[in-house]
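# Observations on the model geometry
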Amino acid sequence: MTRCESRWVNVVIIALVVILRSPTLLPSMYLVDEAYYGTIANDILHGGTVYRTAVDTKPPGMYYIYAGVFQLAGRNNLRAVHLLAIFVVATTALVLRRIGARVADDWAGAWAGIGYALFVHAYLPRDTLGANSEIFASLPLVLSVLVFLQGEEKAGWGWMVLSGALVGSATLIRQPSAVNLGVMLACLAYAWLILRTHSFGRVLAAGSGVVTGFIAVIAGLACYYQWQGNLHDAYLWAWAFAIRYIESETTFLFVLERLVTVHLVVILAWGLLWYFGIRQVVEMLRSFRHTKPVSTEAILLILWLGLTYVTIFIGWRFAGHYHLAVLPPLSILAGQAFSRFVAKQRHSPQLRWRRIRTGIVGAAAVPAIGFLIVAFATRTKELDFLPIVQQIVERTSPSDHIFVWGSYPQLYSFSDRRMATRFVSCTHLVGAYANRPREVKDRAESVITGSWEMFRADWEAHPPVLIIDMSMVGLDWATHPMTRYPVLRAYLNEYRVESVINGATIYRRL
């Protein structure tokens, strides 16, 4: 690859990311997770404490990212967050290009970066365009792999520490990222036991470096929370309650439906990438049959893809954005196979090569462009809650507390009003989690021990000026009226109905 070609590859990667994420530069909020992060970020900026005054079961990394952006660019400035997401996705693609070039050649790296830039947007906008944890965790993960490969080459302990620290940083953004720690340790063991290219001492030193870096990041945050007084709360919400959340009941038929309607659809939308990615894995594994050694880099990529793919099945939800985590290793593997395929097919008869190119371009462009059109078409619909936000802002002062019944944290974040309770969403109170069977949601069984006691204590400390009842806005909450719950039913006597707007009932304290 010439220097000019290399520059143009970078331009193409960046242009693809900017174009395919361009809907987010307009007023938009495609994923409700952005509202969770924004609400907790606002609470932090109001002087609140994560996992105490605002709670959810995600690790804290995204809250601090959003809080940092809001501090610099203004409260609830999602456009600034989306600009940061564009930078993160483009940088991730460029790092993947570097890794692909390192383990294969320049063109393999180029196709890896281009593949990621395209297919990370080739699904429903609510799953691909949100500035979510999968997007942000991917950057430190791909950097950790690049640094790990550098440490392998230089036999440098410092590189290994940095690699582990980057995995730790990704874990604080998305818990399943921790599997990459096991991937790296397994690669070191493979180099010692199978390839015999590393001595036990070298493997021990490198492994201890990776683990040290990982623990240093986690321990550093734990020490900060210990000083802040919320370490136990962080453990409960980011670990103990998170496990209960993913273990909450489901049914076989519901899981089967999600496998077909989400998991299979994602794989089909990314069919070109999966075809070449699996083709490369098969090619690598054939070496075992011929007793040829497989390189450490190949084992790393295979394990990275395999273990990350398994994490999609955690909780049996198969949310579309869960699948984004497999794209980095899949893109690198697919880039290698695709590069060889193109080099070989270029020597085919001209008509055959033209047909092959047309098929490849179609398989890549149709899902990316199709979902881009969907993103523009649905953008304003995703903001249909703004009239309710306007009512909240007009009827309260910035120091007032409000309470939203349902799962609409965007009403907190967009109005910039403090939460009356610590619960960003009421799903933790009633167990009506997304991507769960209707019959399970309707039982109104919380998986969080003592949730209503926490709720009552918060309410008594700062009762809300307004209650916004969203139970009749969405189908998921129609079976959960406030009067169904004794604690809330008792508080309603202190409020009167003030207005109804877009299906939401607004109550004011007497």
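This text goes with the structure placed above it.
The sections below set out a description of the structure shown in this document. Remember, predicted model here, so these are calculated numbers, not experimental data. Per-chain numbering applies: the sequence of each chain, read as written, is numbered from 1 onward. For a predicted model such as this one, the threshold for reporting local features is a pLDDT of at least 70, and the threshold for listing and counting side-chain atom pairs is 80 or more; totals across whole chains, interfaces and linings nevertheless cover every residue. Hydrogens are left out, water is left out, and the side-chain values use all remaining heavy atoms of the structure.

### Some thoughts on the overall build of the chain
The test is simple: A run of H or I in DSSP counts as a helix once it spans at least four residues, and a run of E counts as a strand once it spans at least two, with each numbered from the N terminus. Put simply, the radius of gyration uses C-alpha atoms, and a globule should come to 2.2 Å times the residue count raised to 0.38. Only protein chains enter the accessibility calculation, which uses a 1.4 Å probe; a residue whose area is less than 20% of its type maximum is buried, one above 50% is exposed, and one in between is partly exposed. We call two residues in contact when some of their heavy atoms are within 4.5 Å. In these tables, accessible area is a Shrake-Rupley quantity obtained with a 1.4 Å probe, and a residue counts as shielded only by the protein chains included in the view. The convention is simple: Lys and Arg are positive, Asp and Glu are negative, and His and the chain ends are not counted. The atoms used to mark charge sites are NZ of Lys, CZ of Arg, CG of Asp and CD of Glu.
When helices and strands are counted, the chain shows 22 helices and five strands. Here the C-alpha atoms of the chain give a radius of gyration of 24 Å, agreeing with the 24 Å that 2.2 N^0.38 yields for 510 residues. For the C-alpha atoms alone, the extent of the chain along its principal axes is close to 80 × 55 × 45 Å. The buried share of the chain, taken over its 510 residues, is 55%. Put simply, 74% of the contacts in the chain that link residues at least 6 apart link residues at least 24 apart. Of the roughly 21,700 Å² of accessible surface on the chain, a fraction of 63% belongs to carbon and sulfur atoms. Taken together, the 45 basic and 32 acidic charged side chains of the chain have centroids lying 10 Å from each other.

### Description of empty space enclosed by the protein
The condition that has to hold: Within this scheme a cavity is a closed region of a 1 Å grid, computed over the protein atoms alone, that accommodates a 1.4 Å probe without allowing it to escape, whereas a pocket is open but has protein on both sides within 12 Å along at least five of seven lines; lining residues each have an atom within 4 Å of a point. Grid points are joined across faces, edges and corners, and a volume is the space filled by probe spheres set on the points. Each residue gets one label: Ala, Val, Leu, Ile, Met, Phe, Trp, Tyr, Cys and Pro are nonpolar, Asp, Glu, Lys and Arg are charged, and the others, such as Gly, are polar.
Under the defined criterion, the tally for this structure stands at three cavities of 30 Å³ or more. In this structure, the largest cavity spans a volume of roughly 110 Å³. Around the largest cavity, the lining is made up of 14 residues, and of these Leu141, Arg174, Ser177, Thr308 and Ala325 lie nearest the centre. Only helix 7 (133–154), helix 9 (179–193) and helix 14 (296–311) provide two or more residues apiece to the lining of the largest cavity. Residues belonging to the lining of the largest cavity are distributed by class as follows: seven nonpolar, five polar and two charged.

### Focus on the environment of Pro409
The residue Pro409 is located in the loop between strand 1 (401–405) and helix 18 (410–415) in this model. Along the chain, Pro409 and Met419 lie 10 residues apart, while their C-alpha atoms are 9.5 Å from each other. Each residue touching Pro409, except ones within four places of it in the same chain, is listed here: Val32, Ala35, Tyr36, Thr39 and Val424.

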